[in-house]
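Secondary and tertiary structure notes
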Amino acid sequence: MPIEEQRAIALLSRVSYGRVAASMRALPFLAIARHIVSDGCVILRMHAGHGHHEACMGSVVAYAADNLASGDSHLWSVQFTGTAELTVPAPDVVAQFETAPDRVNGEPYEAVYLRIKPQFATLDRMEYNAPETATAPQ
């Protein structure tokens, strides 16, 4: 993977959540996922109760995450594609995820993990200059 794409994937370590895009019953959908970067792959933790992971397994998916709500003057958005595979991560990898929610939409949370090796990644950057301070007329 080219260096700029590697930088894009490395930025994912700065945020905790993103959205995976796939197709379910021939219709597109987006699902929220917690992610970590491990050995050049992105590991997603999702709620099994919705069945979204089943639509992703073995399929090419898109994943996106950003820092747009950070208030930072240097904003970025990372998007990549790859094939999602069901995985059972080692305990040390699971430990990298923050505490899982207790419930999702009133149901007990049940974690399921997908592994994606990014095949193509893009990085969009937006930089803002600090606004100039207006001075009152003398």
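Residues numbered from 1 in each chain as written. Predicted model: local features only at pLDDT ≥ 70, side-chain atom pairs only at ≥ 80, totals over all residues. Heavy atoms only, no water.

**Brief notes about the packing of aromatic side chains**
Aromatic rings considered in pairs are described by the distance between their centres and by the relative angle of their planes. Evaluation of the coordinates by the stated rule reveals two aromatic pairs. Between Y63 and F80, the aromatic rings sit 5.7 Å apart at their centres with planes inclined by 50°, giving tilted as the arrangement. Separated by 17 residues along the polypeptide, Y63 in strand β4 (residues 60-66) and F80 in strand β5 (residues 74-87) bring together distant segments of the chain. Each member of the pair, Y63 as well as F80, carries the same accessibility label: buried. (Phe/Tyr/Trp six-rings, centres within 6.5 Å; stacked < 30°, edge-to-face > 60°. Helix = DSSP H or I, 4+ residues; strand = E, 2+ residues; numbered from the N terminus. Buried < 20%, exposed > 50% of the residue type's maximum accessible area, 1.4 Å probe, protein only.)

**Some points on the environment of L68**
Secondary-structure assignment places L68 in the loop between β4 and β5. Taking the relative accessible area as the measure of exposure, L68 reaches 43% and is therefore partly exposed. In sequence terms L68 and D92 are 24 residues apart; their C-alpha atoms lie 30 Å from each other. Setting aside residues no more than four positions away along its own chain, L68 makes contact with L75, W76 and M126. (Contact = heavy atoms within 4.5 Å.)

**Some points on the side chain of H47**
On the secondary structure map, H47 appears in strand β3 (residues 41-47). Side-chain polar atoms of H47 contact the backbone nitrogen of E110, separated by 3.3 Å. Not counting the four nearest positions on each side in its chain, H47 is found in contact with V104, E107, P108, Y109, E110 and V112. (Polar contact = N/O pair within 3.5 Å; in protein donor to acceptor, adjacent residues only side chain to side chain.)

**So, the pairing of β4**
Because side chains alternate across β4, one face comprises the buried residues V61, Y63 and A65, and the other comprises V60, A62, A64 and D66, none of which is buried. Across three bridges, the pairing between strand β1 (residues 17-24) and β4 is antiparallel. Of the residues in β4, the one forming a bridge with R19 is A64. In this sheet, β5 lies alongside β4 in antiparallel orientation, the contact comprising seven bridges. By the bridge assignment for β5, V60 is matched with T83. (Pairing = 2+ DSSP bridges.)

**Some thoughts on helix α1 (residues 3-11)**
Along α1, the residues that are buried comprise E5, A8, I9 and L11. Around the axis of α1, the buried residues are gathered within 155° of arc, so they sit on the same side. Here the buried face of α1 lies against β2 (27-38), β3, β5 and β9 (120-127). (Arc of directions from axis to C-beta.)

**Some details on the nonpolar core**
With 29 residues, the main nonpolar core has V20, L44, M46, C56 and F80 as its most contacted residues. The element best represented in this core is β5, accounting for four residues. Not counting the four nearest positions on each side in its chain, M46 is found in contact with V20, A31, I32, A33, H52, H53, Y109, E110, A111, V112 and L114. Membership of the second largest hydrophobic core comes to five residues, among which are I36, I43, V93 and Y113. (Core = buried A, V, L, I, M, F, W, Y, C linked by side-chain atoms within 4.5 Å.)

**What to know about the state of the cysteines**
In protein chemistry, a disulfide is the covalent bond that joins the sulfur atoms of two cysteines. Using the criterion set out here, one finds zero disulfides in the structure. Looking at C41, it has no disulfide partner, and the nearest cysteine sulfur is the one in C56, 16 Å off. (Disulfide = S-S within 2.5 Å.)

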